[in-house]
Amino acid sequence: MLLAIVAIALSESALQAPSGMAYNSDGLLFVSWMRSNVITVHRGLEEVGRIEGGLNSPRGLAFGHDGHLYVADSGSHRVLVFDRSGALLRTLGGEGTEDGKFRAPYDVLVDPRGNLIVADTYNNRLQFFDSEGRHIKSFGSLGDQPGRFREPAGIAFANGLLYVAGGWLGRVDVYAYDADAVSLSFQRSISGFGVCGDVAALQDGSIVALDRNNGWIGRWDKDGNELKRFAGGSYG
């Protein structure tokens, strides 16, 4: 996948700041371009469509079980929901600190029950919504202890575990997550980052996470043991 993204970024030289990606059930790759306010759609390396208009710094992308596309539109402080044709269905949020509102949401994820999880970055919390967009609960607040955040960024789910890239906390927090009860139980942290900007869960239970300030990507096994670090340099 990484090689495909690099190739797409090179071919889409007029677009700026690729920020999120997700595959739909048809195998099409959707890529958000934060500074260009567009989402491109790709079959292989070929661009086959775009979603434009009404986007303001789109970041994380996720697909629901019904095929709808969820977009963390950080500049408008909303989550946008598009149907399979790319038409806007509804919006969630708007700027604010109360439940159901956001401040610069960074990422979105759909859990096994179809609930939507949003990394509400500048509100230092996660928010949970049902498949119709109704608010279920908020989780977290500003702080350093488990269950608290400093600008949470990427989120990922695999094998009953929810992973949260902790931003300025410099760690990935791992929670046991029950999608039926929408409940979280802290398990452990993976630390050692400057600013942990994103996390992805792989099929074998390992994870990959990004240190966006120190310019490296690391991989850990399912038990949190570090396997390897890739590259190095600065975030630019």
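Residues numbered from 1 in each chain as written. Predicted model: local features only at pLDDT ≥ 70, side-chain atom pairs only at ≥ 80, totals over all residues. Heavy atoms only, no water.

> Kindly report on the overall build of the protein, identifying the contributing residues and their values.
When its secondary structure is counted, the protein shows one helix and 20 strands. Rg of the C-alpha trace for the protein: 17 Å, near the compact-globule value of 18 Å for 236 residues, within the 12% margin. With respect to the three principal axes, the spread of C-alpha positions in the protein is 40 × 40 × 30 Å. When the 236 residues of the protein are sorted by exposure, 49% land in the buried category. Pairs at least 24 residues apart make up 36% of the contacts formed inside the protein by residues separated by at least 6 positions. Accessible surface computed for the protein: about 10900 Å², of which carbon and sulfur atoms make up 46%. Averaged over its 22 positive side-chain charges, the protein has a centre that lies 3 Å from the centre of its 27 negative ones. (Helix = DSSP H or I, 4+ residues; strand = E, 2+ residues; numbered from the N terminus. Rg over C-alpha atoms; globule rule 2.2 N^0.38 Å. Buried < 20%, exposed > 50% of the residue type's maximum accessible area, 1.4 Å probe, protein only. Contact = heavy atoms within 4.5 Å. Areas by Shrake-Rupley, 256 points an atom, 1.4 Å probe, with all protein chains shown as cover. Lys, Arg positive; Asp, Glu negative; His and termini not counted. Charge placed at Lys NZ, Arg CZ, Asp CG, Glu CD.)

> Which residues make up the sheet that holds strand E17 (residues 196-201), and what are the values?
The pairing of strands in a sheet comes from backbone hydrogen bonds and takes either a parallel or an antiparallel form. With respect to topology, four strands assemble into an open sheet ordered E17-E18-E19-E20, the strand pairing being antiparallel. Looking at which strands have only one partner, the edges of the open sheet turn out to be E17 and strand E20 (226-230). If you compare each strand with its neighbour and ignore which way they point, the axes differ by 20 degrees on average. Bridge count between strand E19 (residues 216-220) and E20: four bridges; the pairing is antiparallel. Across the sheet, residue Ile-217 finds its bridge partner in E20, namely Phe-230. (Pairing = 2+ DSSP bridges. Axes fitted to C-alpha atoms, helices over the stretch in contact; angles between N-to-C directions.)

> Explain the pairing of strand E16 (residues 183-191) to me, and be specific about the residues and the numbers.
In terms of strand pairing, strand E15 (residues 171-178) meets E16 through eight bridges, oriented antiparallel. Paired with Asp-178 across the strands is Ser-183, a residue of E16. Hairpin geometry of E15 and E16 is characterised by an intervening segment of four residues between the two adjacent antiparallel strands and by a positive phi of about 50 degrees at Val-182.

> So what about the nonpolar core? Which residues, and what values?
Core analysis: the largest hydrophobic core is formed by 16 residues, its most contacted members being Tyr-163, Val-172, Phe-193, Val-199, Ile-207, Ala-209 and Trp-220. Listed by contribution, the elements that provide at least two residues to this core are strand E14 (161-165), E15, E17, strand E18 (207-211) and E19. Ranked by residue count, the leading element in this core is E14, at three residues. In this view, Trp-220 contacts Ile-190, Phe-193, Ser-206, Ile-207, Ala-209, Asn-225, Glu-226 and Leu-227; residues no more than four positions away in its chain are not counted. (Core = buried A, V, L, I, M, F, W, Y, C linked by side-chain atoms within 4.5 Å.)

> Outline the packing of aromatic side chains, listing residues and values.
For any pair of aromatic rings, the description rests on two quantities: the centre-to-centre distance and the angle between the ring planes. Scanning the model with the defined rule gives ten aromatic pairs in all. Plain terms: the ring middles of Phe-157 and Tyr-177 are 5.9 Å apart, the flat faces sit at 80 degrees to each other, and that makes the pair edge-to-face. With Phe-157 in strand E13 (residues 155-158) and Tyr-177 in strand E15, this residue pair connects regions lying 20 residues apart in the sequence. Here Tyr-177 falls in the buried class, since its relative accessible area comes to 7%. Centre to centre, the rings of Trp-216 and Trp-220 are 6.3 Å apart; their planes meet at 45 degrees, and the pair counts as tilted. (Phe/Tyr/Trp six-rings, centres within 6.5 Å; stacked < 30°, edge-to-face > 60°.)

> Describe the pairing of strand E5 (residues 58-63), and please don't skip the residues or the numbers.
Of all the six residues making up E5, five are buried; the element is thus mostly covered by neighbouring parts of the structure. Taken together, the four bridges between E5 and strand E6 (residues 69-73) define a ladder with antiparallel strand orientation. Bridging from a neighbouring strand, Pro-58 pairs with Asp-73 of E6. Counted between consecutive antiparallel strands, the loop separating E5 from E6 contains five residues, among which Gly-67 sits at a positive phi close to 90 degrees.

> Lay out the pattern of salt bridges with the relevant residues and their values.
Tallied over the entire structure, the rule returns eleven salt bridges. Between Asp-180 and Arg-113 there is a salt bridge, with its nearest N and O atoms 3.0 Å apart. Of this pair, Asp-180 sits in the loop between E15 and E16 while Arg-113 sits in the loop between strand E9 (107-110) and strand E10 (116-120), and the two are 67 residues apart along the sequence. Given the relative accessible area of 57%, Arg-113 is considered exposed. (Salt bridge = Lys/Arg side-chain N within 4 Å of Asp/Glu carboxyl O.)

> Can you tell me about unusual backbone geometry, naming the residues and giving the values?
One non-glycine residue with positive phi stands out, namely Ser-57, at about 60 degrees. Following the sequence through the fold, Ser-57 ends up in the loop between strand E4 (46-52) and E5. Positive phi, close to 60 degrees, is recorded for Glu-151, a residue that is not glycine. Mapped onto the secondary structure, Glu-151 falls in the loop between strand E12 (135-139) and E13.

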